[in-house]
Amino acid sequence: MSDSSHTLTRRIAFASVMIIAAVAIGTYALMSSPVRLKTTGEALIGGPFTMLNHRGETVTEKSFAGKPMLLFFGFTFCPDVCPTELQVMAEAMKQLGSRGSDIQPIFVSVDPERDSPAVMADYVAAFGERFIGLTGSAGQVQQMSATYRVYYAKVENKDAPHAYTMDHSSIIYLMGTDGKFLKHFTYSTDAKALAEGIAAALGR
Ligand code: NI
């Protein structure tokens, strides 16, 4: 073969390798994307927020620095899911005892229209004095919910107080002492499993 045909052969070979590589990378990206979305999605849960606690004081994520946070998002008029989950959280804290004495259980309202700090104060008191309730302006609640990937929506319901209820995701989040996401627990988790999961995630 002449020099020029060698060059052409090399060019074709090189082009073929590039196409195969591109297809392989594309296929890999397609095949691995659900997994990668899941793992990176979890790592991106949580972040800065500015809210009002149930005493009416402005708090941010820095207010809880150094303490693991156990968070649940809901609303005080919730007929079943929220009281159930908060009760499970309260019971898990009891079961953890001294192993969880620094953990801050937090109930975040997704219904600031009805959940004023005073309403939150009455509500969280029913689950123990350690609970902190967070609420705020519609914008503040929206911002914090978005960082935690929490879904919520107002739904008309003529039988509900003020003729509406709130749809919302029901996931408990455990954040580490550095404020970063550690683990989430789904709705069906009971108090024992929650306590054990928290202890394992915190290495206690
Ligand atoms: Ni609820």
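Here the structure is shown first, and the text comes after it.
Residues numbered from 1 in each chain as written. Predicted model: local features only at pLDDT ≥ 70, side-chain atom pairs only at ≥ 80, totals over all residues. Heavy atoms only, no water.

Engineer: Quick rundown of the pattern of salt bridges? Include the residues and the values.
Structural biologist: If you walk through the whole model with that rule in mind, you get seven salt bridges. The salt bridge partner of Glu 61 is Lys 62, with a shortest N-O separation of 3.5 Å. Among the residues examined, Glu 61 registers a relative accessible area of 22% and is labelled partly exposed. Close ionic contact of Lys 154 with Glu 113 constitutes a salt bridge, the shortest N to O distance being 2.9 Å. Remark: Glu 113 occurs in the loop between strand S4 (104–109) and helix H3 (117–125) and Lys 154 occurs in strand S6 (residues 152–156); sequence separation between them is 41 residues. (Salt bridge = Lys/Arg side-chain N within 4 Å of Asp/Glu carboxyl O. Buried < 20%, exposed > 50% of the residue type's maximum accessible area, 1.4 Å probe, protein only. Helix = DSSP H or I, 4+ residues; strand = E, 2+ residues; numbered from the N terminus.)

Engineer: Quick rundown of the packing of aromatic side chains? Include the residues and the values.
Structural biologist: Enumeration according to the criterion identifies seven aromatic pairs in this entry. Ring centres of Phe 107 and Tyr 123 lie 5.5 Å apart, and the angle between their planes is 35°; this geometry places the pair in the tilted category. With a gap of 16 residues between them, Phe 107 in strand S4 and Tyr 123 in helix H3 connect regions that are remote in the sequence. Of the two residues examined, Phe 107 and Tyr 123, each falls in the buried class. Through a chain of ring-to-ring contacts, the aromatic side chains of Phe 107, Tyr 123, Phe 127 and Phe 131 assemble into a single cluster. Here the guanidinium or amino end of Arg 114 rests over the ring plane of Phe 77, the centre of that ring lying 4.4 Å away. Note that Arg 114 overlies the ring of Tyr 164, its terminal NZ or CZ placed 3.7 Å from the centroid. (Phe/Tyr/Trp six-rings, centres within 6.5 Å; stacked < 30°, edge-to-face > 60°. Lys NZ or Arg CZ within 6 Å of the ring centre and 35° of its normal.)

Engineer: So what's going on with the sheet that holds strand S1 (residues 50–53)? Which residues, and what values?
Structural biologist: Pairing in this open sheet of seven strands is mixed, and the strands run S2-S1-S5-S4-S3-S8-S9 from one edge to the other. Looking at strand neighbours, the two that pair on one side only are strand S2 (58–60) and strand S9 (181–185), the edges of this open sheet. The average angle at which neighbouring strand axes cross in this sheet is 35°, direction not considered. Bridge count between strand S8 (residues 172–175) and S9: four bridges; the pairing is antiparallel. Its bridge partner being in S9, Met 175 is matched across the sheet by Phe 181. Docked against the sheet, helix H2 (residues 81–96) engages strand S3 (69–74), S4 and S8, running at close to 170° with respect to S3. Across the face of the sheet, H3 comes into contact with S1, S4 and strand S5 (132–135) while running at roughly 155° to S5. (Pairing = 2+ DSSP bridges. Axes fitted to C-alpha atoms, helices over the stretch in contact; angles between N-to-C directions. Contact = heavy atoms within 4.5 Å.)

Engineer: Quick rundown of H3? Include the residues and the values.
Structural biologist: Where H3 is concerned, the buried positions are Met 120, Tyr 123 and Val 124. With its buried residues spanning 90° around the axis, H3 presents them on a single face. In H3, the exposed residues that point more than 90 degrees away from the buried face are Ala 118, Asp 122 and Ala 125. (Arc of directions from axis to C-beta.)

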